[in-house]
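What the coordinates show
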Amino acid sequence: MTTNRDVPPVTWFDTHAHLYLIHEESPRGEILRRAEEAARAAKEAGVGAILCPGIDTPSNEAAITLAQRCPGTVWAAVGVHPNSAAECGDADWERVVAWATDPAVKAIGETGLDRYRDATPWDVQCVWFRRQLELAVRSALPAVIHCREAEADITPFLREFAAGGLRGVMHACAAAWDHVATWLDLGLYISFAGSVTYRNRKFEVIRDTARRVPLDRILVETDAPFLTPEPLRGRVPRCRVEYVAHTGSFVAELRGLAVAEFAAQTTRNAVALFGVSL
Ligand SMILES: [Zn+2]
């Protein structure tokens, strides 16, 4: 029999939060201060751990600074987002490579492919994606992978690099099960954001996937400040890290699991993937 005292507090691991974007309109020092406050508030609210991925040089820098200021709560990923790649060059790449050895950095990304937006020409996206997958393998770090309307394009890259030892997570997964099944076979983790809670029928495909991912490969995230989960969607200006509990509880219910059990399992999965100690 379990007593209340034996049950650990529900502690979520938000595996994808752009903390530095939550207060984008403020001056830089203020952004970092408020992002740090946001991380601490999230911790009080039961989100014990946050992976903060950069998308370009200023945000990579901010992610590392936040990780240094919040040890044991925030870790950084460094990379160049497919939608930022057009504005990045050799100097940005050299910094990502140098940062990959920083102890606060636990992953390479956010990287990936995006056919929904055309901010970066496709061939340029592919160059940046490939070099980041190479770096992840070389650094023995997992990759944080963005895939928007590019499922069929991304799989050959993943197949190639998985053969070389790539580990990683498909973030804010919106893909249909046949793609996800392939990615799972390649050893990847699958992370769900607020979009899994959206009521519109077109999001049913995400729920179908979220029901089927093996329990030892599933992660949760906010993608803050984007993808605010229900029931807060449309009622708050931007997504906050605490809201990962809404997404996590939703997926737990979808799978018929106790919320605390699901929180603990997804946290264990994130700890295993990113190699952090809580
Ligand atoms: Zn992101």
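Residues numbered from 1 in each chain as written. Predicted model: local features only at pLDDT ≥ 70, side-chain atom pairs only at ≥ 80, totals over all residues. Heavy atoms only, no water.

What about the coordination of the zinc ion?
So the rule is basically this: Here the coordinating atoms are restricted to nitrogen, oxygen and sulfur within 2.8 Å of the metal centre, or 3.2 Å for Na, K and Ca, and because water is not among them the sites may look incomplete. Every geometry call rests on angle ranges, with four donors termed tetrahedral when all angles are between 85 and 135 degrees, four termed square planar and six termed octahedral when opposite donors are over 155 degrees apart and all others are between 65 and 115, and everything else termed irregular. In DSSP terms, a helix is any run of H or I states spanning at least four residues, a strand is any run of E spanning at least two, and both are numbered starting from the N terminus. Between buried and exposed lies partly exposed: a residue is buried under 20% and exposed over 50% of the maximum accessible area for its type, with that area taken using a 1.4 Å probe on protein chains only.
Summarising the metal site, the zinc ion is bound by the protein donors His16 (NE2), His18 (NE2), Glu110 (OE) and Asp223 (OD), whose distances to it range over 2.1 to 2.7 Å. Between the 4 donor atoms coordinating the zinc ion, the angles at the centre fall across 85 to 173°, so the site counts as irregular. One chain supplies every donor to the zinc ion, and in sequence these donors are spaced H-x1-H-x91-E-x112-D. Placement of the pair is glutamate 110 in strand E4 (residues 105-114) and aspartate 223 in the loop between strand E8 (218-220) and helix H8 (244-254), with a sequence separation of 113 residues. No difference in accessibility class separates glutamate 110 from aspartate 223, as the two residues are buried.

A look at helix H7 (residues 204-212)
Put simply, the rule is: It is the directions from the helix axis to the C-beta atoms whose arc is reported. Contacts are residue-level and defined by heavy atoms, with any inter-residue pair within 4.5 Å sufficient.
Of the residues making up H7, those classed as buried are Ile206, Arg207, Thr209 and Ala210. The arc that holds the buried residues of H7, viewed along the axis, is 160°, so those residues lie on one side. Buried residues in H7 make contact with helix H6 (177-185), strand E7 (189-192), E8 and H8.

Regarding the layout of surface pockets
Here is the rule we go by: A 1.4 Å probe that fits but cannot get out identifies a cavity on a 1 Å grid over protein atoms alone, an open set with protein on both sides within 12 Å along at least five of seven lines counts as a pocket, and a residue lines either if it has an atom within 4 Å of a point. Grid points are joined across faces, edges and corners, and a volume is the space filled by probe spheres set on the points. In this count, Pro and Cys sit with the nonpolar residues alongside Ala, Val, Leu, Ile, Met, Phe, Trp and Tyr, while Asp, Glu, Lys and Arg are called charged and the others, Gly among them, polar.
Counted as a void, the largest pocket has a volume near 970 Å³. Contributing to the lining of the largest pocket are 30 residues, with Tyr116, His146, Arg148, Asp223 and Leu227 lying nearest its centre. Looking at the lining of the largest pocket, the elements with two or more residues in it are E4, strand E5 (143-148) and H7. For the lining of the largest pocket, the element with the most residues is E5, which contributes 3 residues. When the residues that make up the lining of the largest pocket are grouped by side-chain class, the tally is 12 nonpolar, 7 polar and 11 charged. One number sums up the size of the second largest pocket: a volume of about 210 Å³. Residue assignment for the lining of the second largest pocket shows that the elements contributing at least two residues are helix H1 (28-44) and helix H2 (57-69). Its residues assigned to classes, the lining of the second largest pocket comprises 7 nonpolar, 1 polar and 3 charged.

Focus: the nonpolar core
Note the following rule: Here the nonpolar core consists of buried residues drawn from Ala, Val, Leu, Ile, Met, Phe, Trp, Tyr and Cys, with membership extended through side-chain atoms lying within 4.5 Å.
Core analysis: the biggest nonpolar cluster contains 80 residues, and Leu19, Leu158 and Trp183 have the highest contact counts within it. Those residues within four positions of tryptophan 183 in sequence are excluded, and the remaining contacts are Cys147, Glu151, Ile154, Thr155, Leu158, Met170, Ala175, Leu188 and Ile190. Counting residues in each nonpolar core, the second largest holds 14 residues, with Ala49, Val169, Leu273 and Val276 among its members.

Thoughts on the pairing of strand E2 (residues 47-53)
To be explicit about the condition: We call two strands paired when DSSP finds no fewer than two bridges between them.
Taken across its 7 residues, E2 has 7 buried, putting it largely inside the fold. Of the strand pairs in this sheet, strand E1 (residues 12-14) and E2 are connected by 3 bridges, and their pairing is parallel. Bridging from a neighbouring strand, phenylalanine 13 pairs with alanine 49 of E2. Here 4 bridges tie E2 to strand E3 (residues 74-78), and the two strands are oriented parallel to one another.

Topic: empty space enclosed by the protein
Considering all chains together, one arrives at 1 cavity of 30 Å³ or more under this definition. Every residue along the wall of the largest cavity is listed here: Cys147, Glu151, Met170, His171, Ala172, Cys173, Ala174, Ala175 and Trp183. Within the lining of the largest cavity, the residues separate by chemical class into 7 nonpolar, 1 polar and 1 charged.

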